[in-house]
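Examination of the molecular architecture
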Amino acid sequence: MTEQTLSPTGGTKPQRRSPKEAFALYTQRDVLSVSLLGFSSGLPLALTGGTLALWMKDVGVTLTTIGLFSLVGLPYTLKFLWAPVLDAVDVPLLSRLLGRRRGWLLACQMVLMAAIAALAVQDPVASPFAVAACALAVAIASATQDIAVDAFRVERLDTSSEQAAGMAGYVTGYRIAMLATGAGVIALVAYLEEALGLPRGTSWFWGYLLAGACVAIGIIATLFAREPKAPERTPGDGTGHRLLATTVGAFREFLTRDQAVMILLFVMLFKFCDAFAGVLTGPFVLDIGFSKATYVEIVKVVGFGGTIVGGFVGAYLARAYPLVTCLWISGVLQMTSNLGFTAQAYAGPNATLLTGVILVENFTSAIGTVIFVAYLSALCGAREHTATQYALLTALTAVGRTLLGSSSGAIAEASGWPLFFALTAVAGLPGLVALGWLQAKGHFRTLRPDEAD
């Protein structure tokens, strides 16, 4: 795969497409497969994040404990440690039947479905450690699936147009899944509890169980997808030799690049502000006086529209403008959008203001996600190292969501909501400083030689 192919902005400016041609691109088999796999990737995150936080808040768990539970997301940070296994080792039987990437996808999805079902039967008050163990199992299976999905996407989409369309489709599918496991689960729980009179614990059980069943969509996507071409393997190399060679080769290829340390630092810092605020968005909305039903209607349903529009706007920017310009735009937008929550904290349960704040936050976050995925895809090197390198990069982005997120509850309790969200905006500044440093050093010309810094 060439540098031009890896870079979603491409080495040449893409031609304008008619609406009919654009629609055909988004329904092309490889792009559609990536979109459906995006849905599969998005399913588990809310179940161990925002939805789990609301479940715990609903049954009386403290904010400090809720914040600590974000540590179950550590597998998203550490997944690069076992990513070489997905590059070097085949899943028995499944890889022989489906290929290297699809074999791993199906294996992860089957484990994920079982882990979510196990989480559904737990009680956060009576058995917090069991909840933590099941949530951790979901996170491990989910993080491993993410490794396989990311490698599949980077390897399967061959042109810059496919990369841009695939990123928009992936983000859209991801957000639809988060809507299903966020708003969908919460709305179902509210209906079962309030309309049908089921006990609260039983309502949450059915919500999580049906969410786990949605993993079937990811399984269908895996069977529908076309397997990427695998790199040639040296005859006689055993599994252990391949695993060692893949691990050493992936890290050596990346870490010997110019500005490697600053690149990794930038990857870790760029989404810091989103991660800091995201853990407590649900508890914040409930804490200032909104009901669960209003939370679903505004935060999940209305905000979803902003997410979809933002995803396609991000894909357009990725194809039309230099990558560094897109990163500056999205970095500033995602940082300043958090200040809307500070205004909301002062205004209290004002539904009109919350609608505007959520629309802006979802719109800017989706733009930032598409642009950032474009950048991470451009950084990936040789095909035999795709899973390992992309896992390393995305794991670094999870540092903020896990380590920083684990302290967010305590910080919010100590500072109050207005100051807390102001601090989340300030948390975006280090990422912009790193971006400016990389631009000054000419880093983006190495991703796209004709791109001016």
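Thresholds, definitions, all that
- Residues numbered from 1 in each chain as written.
- Predicted model: local features only at pLDDT ≥ 70, side-chain atom pairs only at ≥ 80, totals over all residues.
- Heavy atoms only, no water.
- Helix = DSSP H or I, 4+ residues; strand = E, 2+ residues; numbered from the N terminus.
- Buried < 20%, exposed > 50% of the residue type's maximum accessible area, 1.4 Å probe, protein only.
- Areas by Shrake-Rupley, 256 points an atom, 1.4 Å probe, with all protein chains shown as cover.
- Salt bridge = Lys/Arg side-chain N within 4 Å of Asp/Glu carboxyl O.
- Core = buried A, V, L, I, M, F, W, Y, C linked by side-chain atoms within 4.5 Å.
- Contact = heavy atoms within 4.5 Å.
- Phe/Tyr/Trp six-rings, centres within 6.5 Å; stacked < 30°, edge-to-face > 60°.
- Lys NZ or Arg CZ within 6 Å of the ring centre and 35° of its normal.
- Expected span 1.5 Å × (residues − 1).
- pLDDT = per-residue confidence, 0-100.
- Axes fitted to C-alpha atoms, helices over the stretch in contact; angles between N-to-C directions.
- Parallel < 35°, antiparallel > 145°, perpendicular 65-115°, else oblique.
- Left-handed = near helix turned anticlockwise from the far one by under 90°.
- Nonpolar A, V, L, I, M, F, W, Y, C, P; charged D, E, K, R; others polar.

1. Comments concerning the overall build of the protein chain
From N to C terminus, the protein chain includes 25 helices and zero strands. The burial tally for the protein chain puts 57% of its 453 residues in the buried class. A total accessible area of about 17,300 Å² is found for the protein chain, and carbon and sulfur atoms account for 68% of it.

2. With respect to the pattern of salt bridges
Taken as a whole, this structure holds eleven salt bridges when the rule is applied. Of the charged contacts, one joins Arg 226 and Asp 30 as a salt bridge, the two residues approaching to 2.6 Å between their closest N and O atoms. Here Arg 226 is found in the loop between helix H13 (215–224) and helix H14 (239–255), whereas its partner Asp 30 is found in helix H3 (residues 29–47), with 196 residues between them in sequence. The buried category is assigned to Asp 30, whose relative accessible area is 2%. Salt bridges linked by common partners bring Asp 87, Arg 100, Arg 101 and Glu 155 together as one network.

3. Notes on unusual backbone geometry
Comment: phi is negative for the bulk of residues other than glycine, and the bulk of peptide bonds are trans. Located in the positive-phi region is Leu 93, a residue other than glycine, with phi close to 70°. Looking at the element boundaries, Leu 93 is found in the loop between helix H7 (83–88) and helix H8 (94–98). Unusually for a residue other than glycine, Gln 259 sits at a positive phi of about 55°. One can find Gln 259 in the loop between H14 and helix H15 (260–269).

4. Some remarks on the nonpolar core
Residues Val 267, Leu 327, Tyr 375 and Leu 379 are the most contacted members of the largest nonpolar core, which totals 73 residues. If we ignore the near neighbours within four places in the chain, the residues touching Leu 327 are Phe 266, Phe 270, Ile 371, Tyr 375, Leu 435 and Phe 444. With 60 residues, the next largest nonpolar core counts Val 61, Leu 112, Tyr 208 and Phe 290 among its residues.

5. Notes on the packing of aromatic side chains
As enumerated under the stated definition, the model contains 17 aromatic pairs in all. Ring centres of Trp 55 and Tyr 208 lie 4.9 Å apart, and the angle between their planes is 45°; on these two criteria the pair is classed as tilted. Highlighted residues: Trp 55 in helix H4 (residues 50–58) and Tyr 208 in helix H12 (residues 200–213), separated in sequence by 153 residues. As far as burial versus exposure is concerned, Trp 55 and Tyr 208 are alike and both buried. Note on Trp 417 and Phe 420: the rings are 6.0 Å apart at their centroids and 80° apart in plane angle, and the pair reads as edge-to-face. Taken together, the positions of Trp 417 and Phe 420, both in helix H23 (residues 417–426) and three residues apart, correspond to about one turn of that helix. For the residue pair Trp 417 and Phe 420, the accessibility class agrees, reading buried in each case. A connected cluster of aromatic rings, assembled from ring pairs, spans Phe 266, Phe 270, Phe 372, Tyr 375 and Phe 444. Note that Arg 29 overlies the ring of Phe 224, its terminal NZ or CZ placed 5.1 Å from the centroid. Over the face of the ring belonging to Tyr 170 we find Arg 153, whose NZ or CZ atom lies 5.9 Å from the ring centre.

6. Remarks on helix H9 (residues 100–120)
Given a rise of 1.5 Å per residue, 21 residues ought to cover 30 Å, and the 31 Å separating the end C-alpha atoms of H9 matches this to within 8%. Of all 21 residues in H9, 15 are buried; the element is thus mostly enclosed.

7. Digging into the confidence of the model for the protein chain
With 88% of its residues at a pLDDT of at least 70, the protein chain reaches an overall mean of 83. Contacts of residues 1–15 to residues separated by more than four positions or lying in other chains number 40 contacts, the stretch itself having pLDDT below 50.

8. Notes on the packing of H9 against helix H10 (residues 128–156)
At a minimum axis separation of 9 Å, H9 and H10 run at an interaxial angle of 160°. Between H9 and H10, the crossing angle belongs to the class labelled roughly antiparallel. With respect to the hand of their crossing, H9 and H10 are arranged in left-handed fashion. In terms of residue class, the contact of H9 with H10 is made up of 19 nonpolar, four polar and three charged.

9. Here's the deal with the environment of Arg 29
Here Arg 29 shows up in helix H3. In sequence terms Arg 29 and Phe 224 are 195 residues apart; their C-alpha atoms lie 8.5 Å from each other. Not counting residues up to four positions away in its chain, the partners in contact with Arg 29 are Phe 224, Ala 225 and Arg 226.

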